[in-house]
Amino acid sequence: MGLSTKAVKKSPWVFHVNTGACNNCDIEIVDLLTPRFDVERFGIKLVGSPRHADALLVTGGVTAQAAPRLREVYRQTPKPCVVFAIGACACGKGIFTTGYHMVGPVDKIIREIDPDAIIAYVPGCPPKPEAIISGVVKALAAI
Amino acid sequence: MNNEMQVLFWILVFPGFVFTAVLGLLAAWIVRKVSALVQYRVGPPFLQPFWDVRKLLSKEVLIPQEANKWVFIGAPLVGLAGVLLLSTLLGVAAFWPQKTFVGDVIVAIYLMVLPSLALILGSSASASPHAAVGTAREMKLVMGYELPLVLAFIVVIIKSGGALGLAAIAETTPVASISGAVAFLVSLLCIHAKIGYVPFDMAEAETELGSGVLMEYSGGLLALWNLTSAMMLVALPMFLVVVYLGGFGTTPAGITIGLLKYVGVLVLIILIKNTNPRVRIDQAMRFFWIGCGLVLVTAIALATIGNIYDIGWL
Ligand code: SF4
């Protein structure tokens, strides 16, 4: 394992993208920053700009409006980066499968512009904070 | 060691780049750790800021299409150069007092503005609307705190009997008088705004502007900004120690006491950071110009009276 990879594992900065989630998954993500879970222990930091991010936490099944924005945010993220599809919606459109306005799921939209993107899935509706942490840990171990 | 070699050693190793960068990143860790403890969290592991910088160096550098490329790339270098020279100047004044030159304190005050100016330059070159709002705020903030910083400095010059050299000023302790203590407190707040911590972080304002001025920076360039702000955490409190608190001294005991003073200033900064909400830019301007300005005019008057009638504690 090179020093660069180790550095990414030691300080993954995440950017949160909501592409039409019901807000429940977003609340679970914010939970991660609270004293109870405190992901800063692992060097994880929530940043305000995709240009600073190493990982995108995408929630929601990607509405027609959000799809171009999601592509743009992915393009703006410096590579190497990991995309996390958080929640049943992001993984496979969840309860909105038959929605007329849903063009997702997340992996389909991302793969349209980058077939080699690294995508990790954290299912659940919403996933528990523990599940999200475990997903991040597994994804980092796989790099 | 001949003269050029020594200057190069000063700038690159001690008290310049290597020393300030390492100490600065450690200070950045202390700031994050203590903030976490204040919030009942565990906080980041030791060495976290080092990993952050290392990681950013290995990431892709994206330059916005509309940005003015060379200004965008050059600005972080200018900022880093400014803080590097500042810390070298202060370090030399603290540890080799006989090597300083007259008027270096004015150079120090100019160098202190350089990182903020570079930040304004870089973010306005990035052509991002969020960064533009951040730039406007940073510009107003610079205008806000520069005035009280210089006014507070007048108190120091009066107290030290018209000395214009860092080494000469370091031999006096202005903080041991009423006007000096007031000037120290105001300068502490100005320095706080210079570092860009809450309550004066409206230019970065994570929650409303993304990251404001730093929004478009990524990879290595962001690492340079990170390094610059970490080094500011060394240089600016050191400036306060040299100017207000009696400097470092050259004996081992003096250096230890000097370091304790530095840590004390750092702790004050962390406490202010963690116990205040972000203020609006107009509130900050009013605070610096009217609030601090009036207080400092009083302090200057007190210092002058003390000087004329030879009353040390005024
Ligand atoms: S997965 Fe469930 S909780 Fe998450 S956004 Fe979809 S519906 Fe909401």
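The structure displayed is predicted, hence computed values, not measured ones.

Procedures and definitions
- Residues numbered from 1 in each chain as written.
- Chains lettered and ligands numbered in written order.
- Predicted model: local features only at pLDDT ≥ 70, side-chain atom pairs only at ≥ 80, totals over all residues.
- Heavy atoms only, no water.
- Axes fitted to C-alpha atoms, helices over the stretch in contact; angles between N-to-C directions.
- Helix = DSSP H or I, 4+ residues; strand = E, 2+ residues; numbered from the N terminus.
- Parallel < 35°, antiparallel > 145°, perpendicular 65-115°, else oblique.
- Contact = heavy atoms within 4.5 Å.
- Nonpolar A, V, L, I, M, F, W, Y, C, P; charged D, E, K, R; others polar.
- Buried < 20%, exposed > 50% of the residue type's maximum accessible area, 1.4 Å probe, protein only.
- Near = heavy atom within 4 Å.
- pLDDT = per-residue confidence, 0-100.
- Arc of directions from axis to C-beta.
- Left-handed = near helix turned anticlockwise from the far one by under 90°.
- Buried area = accessible area lost by both parts, 1.4 Å probe.
- Salt bridge = Lys/Arg side-chain N within 4 Å of Asp/Glu carboxyl O.
- Polar contact = N/O pair within 3.5 Å; in protein donor to acceptor, adjacent residues only side chain to side chain.

A. Expanded view of the packing of helix H8 (residues 178-195) of chain B against helix H10 (residues 219-244) of chain B. All names here are of chain B. Between H8 and H10, the shortest axis-to-axis distance is 11 Å and the interhelical angle comes to 170 degrees. Judged on the interaxial angle alone, H10 and H8 are roughly antiparallel. Of the residues in H10, those touching H8 at Gly180, Ala183, Phe184, Ser187, Leu188, Ile191, Lys194 and Ile195 are Met232, Leu233, Leu236, Leu240 and Tyr244. Residue composition of the contact of H8 with H10, by class: ten nonpolar, two polar and one charged.

B. Examining the environment of Leu32 of chain A more closely. Residues and elements named next belong to chain A. Along the chain, Leu32 falls in the loop between helix H2 (24-31) and strand S2 (45-46). Judged by its relative accessible area of 7%, Leu32 falls in the buried class. C-alpha of Leu32 to C-alpha of Asp114: the two residues are 82 residues apart in sequence and 28 Å apart in space. Other than its neighbours up to four places away in sequence, Leu32 contacts Phe37, Asp38, Val39, Pro129, Ile132 and Ile133.

C. Region of interest: the site of the ligand. All names here are of chain A. In the neighbourhood of the ligand, the contacting residues comprise Ala21, Cys22, Asn24, Cys25, Gly87, Ala88, Cys89, Ile95, Gly124, Cys125 and Pro126. Looking at the shell around the ligand, the elements that each hand over two or more residues are H2 and helix H4 (87-92). The element that contributes the greatest number of residues to the shell around the ligand is H4, accounting for three residues. Across the shell around the ligand, the residue classes break down as eight nonpolar, three polar and no charged.

D. How the structure looks around the confidence of the model for chain B. Confidence along chain B averages 88 in pLDDT terms, with 100% of residues attaining 70 or more. Under the prediction, the complex receives an ipTM of 0.88, its pTM being 0.90.

E. Helix H5 (residues 106-113) of chain A, seen in detail. All names here are of chain A. By the burial criterion, the buried members of H5 are Val106, Asp107, Ile109 and Ile110. The buried residues of H5 occupy an angular sector of 165 degrees when the element is viewed end-on, so they sit on one face. Where H5 is buried, its residues meet strand S3 (55-59), helix H3 (66-76), strand S4 (82-86), H4 and strand S5 (118-122).

F. Representation of the side chain of Ser160 of chain B. You can see Ser160 of chain B is positioned in the loop between helix H6 (129-159) and helix H7 (166-170). Once you skip the residues sitting within four places of it in the chain, Ser160 of chain B turns out to touch Ile169 and Thr172 of chain B.

G. Inspection of the packing of helix H4 (residues 69-95) of chain B against helix H5 (residues 104-125) of chain B at higher detail. Residues and elements named next belong to chain B. At a minimum axis separation of 8 Å, H4 and H5 run at an interaxial angle of 160 degrees. In terms of orientation, H4 lies roughly antiparallel with respect to H5. In terms of crossing hand, the pair formed by H4 and H5 is left-handed. On the side of H4, the interface is formed by Val71, Phe72, Ala75, Val78, Gly79, Gly82, Val83, Leu85, Leu86 and Leu89, while H5 contributes Asp104, Val107, Ala108, Leu111, Met112, Leu114, Pro115, Ala118, Leu121, Gly122 and Ala125. Looking at side-chain class alone, the contact of H4 with H5 contains 17 nonpolar, three polar and one charged residues.

H. Layout of the side chain of Ser179 of chain B. Its place among the elements puts Ser179 of chain B in helix H8. Once you skip the residues sitting within four places of it in the chain, Ser179 of chain B turns out to touch Val155, Lys159, Ala299, Leu302, Ala303 and Leu314 of chain B.

I. Layout of the interface of chain B and chain A. At the junction of the two partners, chain B supplies 30 residues and chain A supplies 30 residues. Of the roughly 2400 Å² buried where chain B meets chain A, counting both sides, 53% is carbon and sulfur surface. Looking at the side of chain B facing chain A, the largest losses of area belong to Trp51, Lys55 and Lys59 of chain B, adding up to 27% of the total buried there. Viewed at the interface, chain A and chain B are joined by six salt bridges. In this structure, Arg41 of chain B engages Asp38 of chain A in a salt bridge whose closest nitrogen and oxygen atoms are separated by 3.0 Å. Taken together, the links from chain B to chain A amount to 19 residue pairs in polar contact (both at pLDDT 80 or more). Of all the secondary-structure elements, those providing two or more residues to the side of chain B that touches chain A are helix H2 (17-38), helix H3 (48-57) and H10 of chain B. It is H3 of chain B that provides the largest number of residues to the side of chain B that touches chain A, a total of six residues.

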